[in-house]
Structure formats: C-alpha cells, structure tokens
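Descriptive analysis of the structure
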Amino acid sequence: MAADEAARSGRLSLAELLDHLQHALVVLDGCGHVVGYNRSALTLLELPEDLMARAPLIDEVVRWQVERGDLKGQPERLIERVWHHLRATQASGEPHVYSYTTASGRTLQGSTIALPGGGWVRIYTDVTRHAQTLAALRESEARLRSLTELSADWFWEWDEEGRYTRMEGRVVREHDIAPLFLGRRPWEVAALNRPRPEDWNALLQAVRRREPFQHFEVQRILPNGRSHWFALSGEPVYDAQGVFRGYRGIGRDITARKEAEATIQRLAFYDGLTGLCNRRAFQDRLLQAQASSARSGRWAALCFIDLDDFKDINDAFGHAAGDALLREMAQRLREAVRADDTVGRLGGDEFVVLLEDLHADEEQAAWRAQQVAEKLRQALERPAVIGGHDLQATPSIGITLFRGQADKIEEILGRADLAMYHSKAAGRNAVRFFDPAMQARVVQRATLQRELRHGLRDGELALFGQPIVDAQAQTCGQEALLRWRHPVRGMVPPAEFIPVAEQTGLILPIGQWVLREACRVLARWAADPARAGWTLAVNLSARQLRQPDFVASVQAALADAGADPRRLKLELTESLLLHDVEDTIAKMEALASLGIQFALDDFGTGYSSLAYLKRLPLTQLKIDRSFVRDLLSDPNDAAIARTILQLAQSLEMEVVAEGVETVGQYEVLRAMGCRLFQGYHFGRPAPLEPADPPAAAPAQPAG
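Residues numbered from 1 in each chain as written. Predicted model: local features only at pLDDT ≥ 70, side-chain atom pairs only at ≥ 80, totals over all residues. Heavy atoms only, no water.

A word on the sheet that holds strand S6 (residues 153–158)
Convention followed: Here a strand pair is declared whenever DSSP counts at least two bridges between the two strands. Only runs of H or I of at least four residues qualify as helices and only runs of E of at least two qualify as strands under DSSP, and these elements are numbered from the N terminus. Only the stretch in contact is used when fitting a helix axis, every axis being a line fitted to C-alpha atoms; angles between N-to-C directions are given from 0 to 180 degrees. The contact criterion used is simple: two residues touch if any of their non-hydrogen atoms lie within 4.5 Å.
Read across the sheet, 5 strands follow the order S7-S6-S10-S9-S8 without closing on themselves; strand pairing throughout is antiparallel. A single partner strand is all that each edge strand has here, and the edge strands are strand S7 (164–168) and strand S8 (213–221). For this sheet, the mean angle separating the axes of adjacent strands, direction not counted, is 25°. As defined by bridge partners, S6 adjoins S7 across 4 bridges and the pair is classed as antiparallel. By the bridge assignment for S7, Phe-155 is matched with Glu-168. Across the sheet, helix H11 (residues 201–208) is in contact with S6, S8 and strand S10 (244–253); its angle to S8 comes to roughly 130°.

Given below as structure tokens:
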C-alpha cells in the first residue's frame, strides 16, 4: 500500500514502478541478450539474479530452465523454438502468447512483443490460480462461486442474443460492474474509444459460427470513472438436447499489461522530458509527409530549431532549470502550430517542426513556412519565468522545403540543420532558408509587406483614374486604380504589391481606404456640373467581399463622404463567384437596393455559370482586354466580343470594352453595338486629385 501511495504521488521512478508490477518483464535486445528485467521476473520465473545481471543470451536462460526442470525437452530444440517465435513476432508485429508450468508447479502465461527498431519485451503472468479456477469451474457450480472470488478473472454468461445474464467474481464485486453489463451485449456497453463495428468482426464471426473465442480485448469505463482493459474468452453452451443457449466464459482485467505496453510505447516513440516525438517517431512522420506530398503535389517544410545560449542557462541555473525551460519551449511550439503539424525534439535543445500541405507553388509555400517560422521565433524568444528567474533562450531557425520522396530523410534534416547554422551566423534569433535564392525572395517579400504597411499608414497610397467613354468618345466615368508612391523605389507596380496585400490580410484595410477615398472623389464631383453624372468604378477583392461587415463598411464610406451611391460602381472578377455564391448574391442585393451598380470584370476569362449570372444584380459586363487586343486579326476574338455583346443585350446589361488602344478597335467594337470603352486610346491612368488632404489610413492588423 505504501508503494501504491508513493506511485500515485509521483515519488517512484519508472524502474521502481516496474518492480512493483505483478507481471514479470524481461527486455531483450536485437541479438537476444537480456538488457532489462524487473523484480517480478526473478520471483515468477525463479531465475537467479547473478544470471540475469550479466545480460545473458536467451539461449543461456533456456538452458538454465531445462537444467532446473522448468522446461522439458532437448535444450537445442527449445532454443530453436524460442528464436523461431522471436523472429516470427518481429516479422508479423503480432504478440506471441504461450504458457508453461515451472518445476515448482507455478503456471505462467507469457507474451512476447517486438519493439520498433529491434528487440523484444517478454511479459509473464502467474496464471496458476486461474488454471486452478478453470478446473474448479468444470467440477462444480458451487466451487465456481468461491474460486472466482479468489481469482483476478471473472465469470460471465450470455443468452442466445448475446446479452449478459450472469457475472460473478471479485473484479465484478469490487468494481460493481454487473449493472453496467447485465442485459446488454458487449458492444452496447459504454466504452472509452468505442471500437468501430469492424473491430467486433472477429468476435461476431466466432459467435455466428458458434465457435469458442479467446482474448478479445476491449476498453471500458467503470462506474468509478476509471478506464480498464478486459480480455474476454468464451465458449458456446448447449442444453441436453443440443440446443444453443448462449455463451459462458471468463473476463480478465489486463489493465496492468496494457499500461506496461503503453509505457514501452512511450519510451520507444516519445521524448520523456517534453512528451514530443523523439527522433525515431519524427523520422517516421517525415516519411509519411513525403508520401503525402508526393500524392498531393504540395510542398512541405522542415524547421530545425536550436536554442541560443541554452548551455549557459544550464550551467548558470542548473539542469533542473534547463529541463523546465525545455518543457516550456516545447509547450510554446505546440501552441504555435496547427494540430496537423508535427513537433519533435531530437535531443538537447534541438527541436524540429514539420509543416505539411503548404502550397503547390514553391514560392507561396516558402512564404507560408516563413510566416510560421517567424511565429515560432516570436513565441520562443519571450523570457520564461523558471524558479523565480526570467530565462531567455532565443531560437535560431533553419527551414528547408521538400516535395515528394526524392530526398532521403537524412538529407532533409541535414539541409534544415545547415540552414539553422546560417541563422546563427546571421546573429542568432533569426530565420533562414537553406536555399539562398529562396531566402532572398522571402526577405524581399517580407520587406515589401512591412513597407506597404508603412505606406498605408504614411499616406503613400494614391488613387489614379482611367477614363471610361461613351460611343461619342465623351467621358462618362472613371475606374479607380490603386498606386503606391514608394519614397525610395518610386511607383511600385500593382502586380507586385497587390498579391502581397492579399496574402497578408493588408488588402482589407487597403480596400477600405480605397472605398473611402473613392466616395470622397464622388462627393467632390457632385459639386462640378461637368462631372456630376460620372460613375467611379472600384475593384473588390475576394477577402473584402467575404467579410461579414462588408455591406456596413460600404454604407459607412458613402455616408461619411456624403456621396451618391448611384454613382459608385463595384467591380468583381469571375473568381469571386466560385465560392459561397449565395452569400455573395445576398451582399450584392443589399447594396444594389441602395443604388450601387455592379460590373463583372474580365468577363470571358473565368468560369462563370450563366445560371449565377442571371441571378446576380449586375448592370455591366467588361470585355477582357485579351479579346480586344487581337480583335482585328483574330476572328475568334471578334466572335467572342460579339457574343458577349449579344449576351449582355439579352440580359439588359451595359458592356465596357477594356484595353482599346487604336481607332480600328474602337470603330469595330462600336459597329458591333458596344457603347462604352476604356483604354489608352482615350487616356492613360492619371491621379484622381483629392479635394482635401488624403484621409488617414484605417487601423491595420499587426503582423
């Protein structure tokens, strides 16, 4: 009892806990040497400690048991049989179960389990009383009741439908499990991690064929709330007339064995200090990630992390503080990644993080890996309070990308390790890629993101406009185009900074700024008779449209500027219609009810469904410039332009032809019936001069 209390309080070591198990444990290495055993192995197997302590081969142990009389037969034949079972267990991965009786009359049941990477664990249980109980059960019902009270097993009976009708035994009484089982079939009893229907197939097939079954294992939650494992063995029962009446058998509490197996599993695959995957488990997971990447075609990344100055912390504050810091770092890593990502500890202060399913494009995958690695760096660099001290061990992080199964595991780990050393050489507390070119591109994109955020804050963004003209070449509106006047680089092309804004979420505050500025321009035009009837078109991004408060934000921009909503035109691309169409339609209809117009940009280049097109509150289609460019030389482009115009006419929509650069294009489109045009032939983008100083940029997300 004192040992049990000590174990519960956590004062016993693992070795001491194993010594208090009633089961004997013998651990063999891959060559068959005894490399571990507990105290019960000496008592149950009646082996001398001086034999076991010198790490003998299993052959020597078998010979000793033959000489003592525990095993009967020729030693060489018995040794050959033992090795046959060990190899078979290693090959199949299935435990080998056997039993024998010692010279002193003790009956033992053994189970051999193969360990990953080589070696075996042999678990022995004293089943002497169990064997005696079974004999007594066959002799008389009266003896059954008394013997089951002495046994660790319990007796049960089922009716013809497989429902429990009787349960007896000390385990039944001590755990009060009869009410949990009686009247129910085994698969109807509450279970922890309830087996799937297919998990019961072996038992159900045996029952359907009226065959005995042995050692069917199942996990159950007992009334005390604790989880127990039981193994059921049973045989069919027939009456005097040969009519099937059900089953009877025994149940065995195998919780101790299962817990021992789980302990062995944890020791084999998990780091004892942090609970993270150890090197062996992480390498297995990396192999799986390679296979998954080969199937999906998407890139994955490996981050190699080393804590800067950890040795100094260990030396200054002791190993206990160092271990506590490692546990804290492990927890921060877990919290900073997705549930599907894998975190491992290779040893010492070296951690690894596996990021899967990043992107099919290598540069996009690198960008996402960089974002996660930076998040990890920020999580780890924070000081940790250990033993009343603020301890800080900043991380140096190396990243390598991989896709498919072309690289060996050692090569991937080696690249990430080398990248980590580049991080240390760069001054520590940094993130570096193995590929210098990739590192340069990621740094360039990160710099662009930071400067774009500052540009939004500092008023570097500006609205330009390109005229939209009617059939008489008179301006009737403009399209608002975003430009960035960088203080050093000059005008940055939208194709360079808009994708970064989309990927980082900056497109939301930028889009809101554009809307507000566009509404202010409309309000100024309203005071000018020459421009009061003009419309101003603003392009929308997918992320803007999917915001729950999108409709309210447009209404607020119009109200704050005092602009006429009938002069605001919002342009969507066909790609916006591929996701959550119903939500998109609802938001468009809400804004259309205010008088706002909608145009579908780049029409003909995407995958618009005509059914959706009919439902959308659109007032305008825009012929993509790719069809206008070769209009005079390519009959197919001319046919497409003519078809779009006819479709728009049937749907009572206007059409704007984009990219009109020559008189010939203008005349042909006008002859086809087009009445609105946009392109360099009528004017290049020019600043939409504000009436007042630019409005302050809205609040931006950090990071």
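Some points on the pattern of salt bridges
Using the following cut-off: In the sections that follow, a salt bridge refers to a side-chain nitrogen of Lys or Arg positioned within 4 Å of a carboxyl oxygen of Asp or Glu. The classification of residues rests on relative accessible area computed with a 1.4 Å probe and restricted to protein chains. Under 20% of the type maximum is buried, over 50% is exposed, and intermediate values are partly exposed.
Counted under the stated rule, the structure contains 40 salt bridges. Close ionic contact of Glu-161 with Arg-185 constitutes a salt bridge, the shortest N to O distance being 3.9 Å. One end of the pair, Glu-161, is in the loop between S6 and S7; the other, Arg-185, is in the loop between helix H10 (178–181) and H11, and 24 residues separate them in sequence. Overall, the relative accessible area of 46% leaves Glu-161 in the partly exposed class. The residue Glu-479 makes a salt bridge to Lys-622 at a minimum N-O spacing of 3.2 Å. With Glu-479 in strand S19 (residues 475–486) and Lys-622 in strand S24 (residues 620–623), this residue pair connects regions lying 143 residues apart in the sequence. The pair Glu-479 / Lys-622 is uniform in exposure class, with both members buried. When salt bridges that share partners are traced, they join Glu-46, Arg-68, Arg-106 and Asp-126 into one network.

Regarding the packing of helix H13 (residues 279–296) against helix H17 (residues 409–425)
We count it as follows: An angle below 35 degrees is read as roughly parallel, one above 145 as roughly antiparallel, one from 65 to 115 as roughly perpendicular, and any other as oblique. Any residue outside Ala, Val, Leu, Ile, Met, Phe, Trp, Tyr, Cys, Pro, Asp, Glu, Lys and Arg is labelled polar, Gly included; the first ten of those are nonpolar and the last four are charged.
Following both chains from N to C, one finds H13 and H17 inclined at 105°, their axes separated by 10 Å at the closest point. The angle between H13 and H17 places the two elements in the roughly perpendicular class. Where H13 abuts H17, its residues Phe-282, Gln-283, Leu-286, Leu-287 and Gln-290 lie against Ile-409, Ile-412 and Leu-413. Class assignment for the residues of the contact of H13 with H17 results in 6 nonpolar, 2 polar and no charged.

Digging into the packing of aromatic side chains
To be explicit about the condition: Only centres within 6.5 Å qualify two rings of Phe, Tyr or Trp (six-membered ring in Trp) as a pair; their planes then separate them into stacked at under 30 degrees, edge-to-face at over 60, and tilted for everything else. Remark: a charge is flagged as sitting over a ring if the NZ atom of Lys or the CZ atom of Arg is within 6 Å of the ring centre and within 35 degrees of the ring normal.
Within this structure, the stated rule accounts for 19 aromatic pairs. Aromatic side chains Tyr-666 and Phe-677 sit 4.9 Å apart centroid to centroid with 80° between the ring planes, which places their arrangement in the edge-to-face category. A residue pair is termed long-range when its members are at least 10 positions apart, and Tyr-666 in helix H27 (residues 663–672) and Phe-677 in strand S26 (residues 676–678) qualify at 11 residues. Each member of the pair, Tyr-666 together with Phe-677, is buried. Pairwise contacts between aromatic rings join Trp-154, Trp-156, Trp-158, Tyr-164, Phe-181, Phe-213, Phe-230, Tyr-238, Phe-244 and Tyr-247 into one cluster. For Lys-258, the ring lying beneath its charged end belongs to Trp-229, and the centroid distance is 4.5 Å. Its end group placed over the ring of Phe-464, Arg-483 keeps NZ or CZ at 5.8 Å from the ring centre.

Overview of the nonpolar core
Put simply, the test is: The set of buried Ala, Val, Leu, Ile, Met, Phe, Trp, Tyr and Cys residues whose side-chain atoms join them within 4.5 Å is what this entry labels a nonpolar core.
Core analysis: the biggest nonpolar cluster contains 70 residues, and Ile-510, Leu-568, Leu-570, Leu-618, Leu-621, Leu-669 and Phe-677 have the highest contact counts within it. Ranked by the residues each element gives to this core, the list is headed by helix H20 (residues 507–526), at 10 residues. Not counting the four nearest positions on each side in its chain, Leu-618 is found in contact with Met-588, Phe-598, Ala-599, Leu-600, Leu-613 and Met-653.

What to know about the pairing of S24
Of the two faces of S24, the one lined by Gln-620 and Lys-622 and the one lined by Leu-621 and Ile-623 are each fully buried. Pairing geometry for strand S23 (residues 597–603) and S24, over 3 bridges, is parallel. Residue pairing for S24: Leu-600 is matched across the bridge by Leu-621. In terms of strand pairing, S24 meets strand S25 (residues 654–657) through 4 bridges, oriented parallel. Paired with Gln-620 across the strands is Glu-654, a residue of S25.

Some words on unusual backbone geometry
Phi is positive for Asp-357, close to 55°, though the residue is something other than glycine. Checked against the element boundaries, Asp-357 lands in strand S13 (residues 350–359). By relative accessible area, Asp-357 is classed as partly exposed at 47%.

Here we look at the confidence of the model for the chain
Note the following rule: Known as pLDDT, the predictor's per-residue confidence is scaled from 0 to 100.
Per-residue pLDDT for the chain averages 84, and the proportion of residues at 70 or more is 88%. Under a pLDDT of 50 for its full length, residues 6–10 has, in the predicted model, 4 contacts with residues more than four places off or in other chains. Long-range and interchain partners of residues 690–703, a stretch whose pLDDT sits below 50, account for 27 contacts in this model, where long-range means more than four residues apart.

A look at H17
Short version of the rule: Expected helix span is taken as 1.5 Å per residue step, with the number of steps being one fewer than the number of residues.
In this model, H17 (17 residues) spans 25 Å end to end at C-alpha, consistent with the 24 Å of a helix rising 1.5 Å per residue. Looking at H17, one finds that the buried residues are Ile-409, Ile-412, Leu-413, Arg-415, Ala-416, Ala-419, Met-420, Ser-423 and Lys-424. Where the residues of H17 are buried, they touch H13, strand S11 (299–307), S13, strand S16 (395–402) and strand S17 (431–433). Gly-427 sits one or two residues past H17 and shows a positive phi near 115°.

Comments concerning the sheet that holds strand S12 (residues 342–347)
Strands sit in the order S12-S13-S11-S16-S17 across an open sheet of 5 strands; the sheet is mixed. Bordering the open sheet on either side are S12 and S17, each of which pairs with just one other strand. In this sheet, neighbouring strand axes are inclined to one another by 25° on average, regardless of whether the strands run parallel or antiparallel. Taken together, the 3 bridges between S16 and S17 define a ladder with parallel strand orientation. Its bridge partner lying in S17, Gly-398 is registered against Arg-432. In the packing of helix H18 (residues 436–458) onto the sheet, the strands contacted are S16 and S17, and the crossing angle to S17 comes to about 130°.

Quick look at helix H14 (residues 310–317)
Definition in use: The arc under discussion is defined with respect to the helix axis, by the directions toward the C-beta atoms.
Three or more residues of H14 are buried, namely Phe-310, Ile-313 and Asn-314. Burial along H14 is one-sided: seen end-on, the buried residues are contained in an arc of 100°. Summarising the geometry of H14, the exposed residues directed more than 90 degrees from the buried face are Lys-311, Asp-315 and Ala-316. Looking one or two places after H14, you find Gly-318, whose phi comes out positive at around 95°.

Re the side chain of Asp-306
Cut-off, in case you're wondering: Residues adjacent in sequence count toward polar contacts only when both atoms are side-chain atoms; beyond that, a polar contact is any pair of N or O atoms within 3.5 Å, and within protein one must be able to donate a hydrogen and the other to accept it.
With respect to the helices, strands and loops of the structure, Asp-306 is situated in strand S11. Side chain to side chain, Asp-306 and Lys-424 meet in a polar contact 2.9 Å long. Once residues within four sequence positions are removed from consideration, Asp-306 is found in contact with Asp-349, Glu-350, Thr-394, Pro-395, Ser-396, Met-420 and Lys-424.

A look at the environment of Tyr-247
With respect to the helices, strands and loops of the structure, Tyr-247 is situated in strand S10. Taking the C-alpha atoms as reference points, Tyr-247 and Thr-165, 82 residues apart in sequence, are found 9.9 Å from one another. With residues up to four places along the chain from it excluded, the contact list for Tyr-247 reads Trp-156, Glu-157, Trp-158, Ala-206, Val-207, Arg-210, Glu-211, Phe-213, Gly-234, Glu-235, Pro-236 and Val-237. There is a polar contact of 2.6 Å between the side chain of Tyr-247 and the backbone oxygen of Glu-211.

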